[in-house]
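# Architecture at a glance
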Amino acid sequence: WNIKNNETYNNQAIDEAAELIKQGQAVAFPTETVYGLGADATNEAAVAKIFKAKGRPQDNPLIAHVATVDQLRRLVDNLPVYTEKLIKAFSPGPITYVLPSNGACAQNVTAGLSTIGVRIPDHPVAQALLKKADVPVAAPSANLSGKPSPTMGNHVWDDLNGKISGLLDGGPTGVGLESTVIDCTQDIPIILRPGGITKEQLEAVVHPVMMDPGLANTKEKPKSPGMKYKHYSPEVPLWLVEGTHASIQAIVDQEKFNGNRVGVLASQQTAKQINAEEIISLGENINEIAIHLYEGLRRFKQGDVDIIICEVFTEAGIGQAVMNRLRKAASEYIVK
Ligand code: TXA
Ligand code: MG
């Protein structure tokens, strides 16, 4: 269903989608981060459809989505005091709390773990769908496993057409990157995946907040199962280049000389100064770059370019999440 009509949404489509979820089907829907592929989290067979459609590894747990804090409480054993503060400050919003599961969701949602990731999305369509369905909805990003997450309805269509029961197309998502996943089972909260809520924002409410050492360190395994996979991959090799626009230009020219067609992903400022076959400007600042990153990665198709060269961006604010995704997507990291 194409549900966005200027600023209003088609409620009938949302009702139909909620009905399909109740019946045990998998349906894609927009959230403020990326599109999710949802199914009734209490129905094991329904959840299995998500894994199948995405080709997702069985050991990678899903996030349970709920509309309200009350519904969140019904899925978990107990909330540490600091979690209450975080929920009050950031939910609904782009943050997922990993908490002790009380077993209310099907086993395959948590991939057998004793913890469960729960999120209250802040998007009118997601909220309406969750309220109507009136069950917790397990939903990973609605892409084929390994591909960049979908930030537009057509990304979901390209990946999952024919494999799912429906798609609520509500236009482009807001943040452009996935939620921050935060482990709330320890004395100090630990960021397992940087995302829509930044470390700076979290620390303004609860201090300190740790980063999972496994995110930076290749020797230590990430605590979140999903973070160990290669991810967000475009169709062609992606090289991350740290340096000035002149150093990016030098690599573009060298590769052109080698007979390669080069596509460039860069900030608007850098894009203006680069000369290449195809250049995609991701935006003027890091928030805009986050919004457009996955669309940019998807736009460069096999056959159009041989290599994507992408600028290294700031790690400030949502830049931490942007660079986390780019490092996972990249095959080379070049320092000039
Ligand atoms: O913004 C988002 O979070 C989107 C939208 C649809 O809500 N969802 C999303 O889901 O990105 P997914 O499945 O693509 O990523 C969920 C991440 C994975 O890295 C997974 O391993 C981790 O969260 N995760 C889920 N439950 C966990 C748990 N109990 N313990 C540790 N990590 C968990
Ligand atoms: Mg995903």
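Residues numbered from 1 in each chain as written. Chains lettered and ligands numbered in written order. Predicted model: local features only at pLDDT ≥ 70, side-chain atom pairs only at ≥ 80, totals over all residues.

### Some words on the site of ligand 1
- In the neighbourhood of ligand 1, 30 residues make up the surrounding shell, with Thr33, Gly36, Gly117, Pro140 and Gly226 lying closest.
- Mapped by element, the contributors of at least two residues to the shell around ligand 1 are β6 (95–100), β7 (115–119) and β11 (190–193).
- A per-element tally of the shell around ligand 1 places β7 first, with four residues.
- Looking at side-chain class alone, the shell around ligand 1 contains 15 nonpolar, 12 polar and three charged residues. (Near = placed C-beta within 6 Å. Helix = DSSP H or I, 4+ residues; strand = E, 2+ residues; numbered from the N terminus. Nonpolar A, V, L, I, M, F, W, Y, C, P; charged D, E, K, R; others polar.)

### Here's the deal with the domain arrangement of the protein chain
- Looking at the protein chain, the domain boundaries give domain 1 (4–226) and domain 2 (238–335).
- Computed over C-alpha atoms, the centres of domain 1 and domain 2 are 28 Å apart.
- Between domain 1 and domain 2, the residue contacts involve 14 residues of the former and 15 residues of the latter. (Domains from an automatic or database assignment. Contact = placed C-beta atoms within 7 Å.)

### Looking at the packing of helix α10 (residues 286–299) against helix α11 (residues 319–329)
- Viewed as axis vectors pointing N to C, α10 and α11 meet at an angle of 25 degrees, and their least axial separation amounts to 9 Å. Considered as vectors, α10 and α11 are oriented roughly parallel to each other. Helix-helix and strand crossings are classified by hand; for α10 and α11 the assignment is left-handed. Together, Ile286, Ile289, Ala290, Leu293 and Leu297 of α10 and Gly319, Ala321, Val322, Arg325 and Ala329 of α11 make up the contact between the two elements.
- The class makeup of the residues in the contact of α10 with α11 is eight nonpolar, one polar and one charged. (Axes fitted to C-alpha atoms, helices over the stretch in contact; angles between N-to-C directions. Parallel < 35°, antiparallel > 145°, perpendicular 65-115°, else oblique. Left-handed = near helix turned anticlockwise from the far one by under 90°.)

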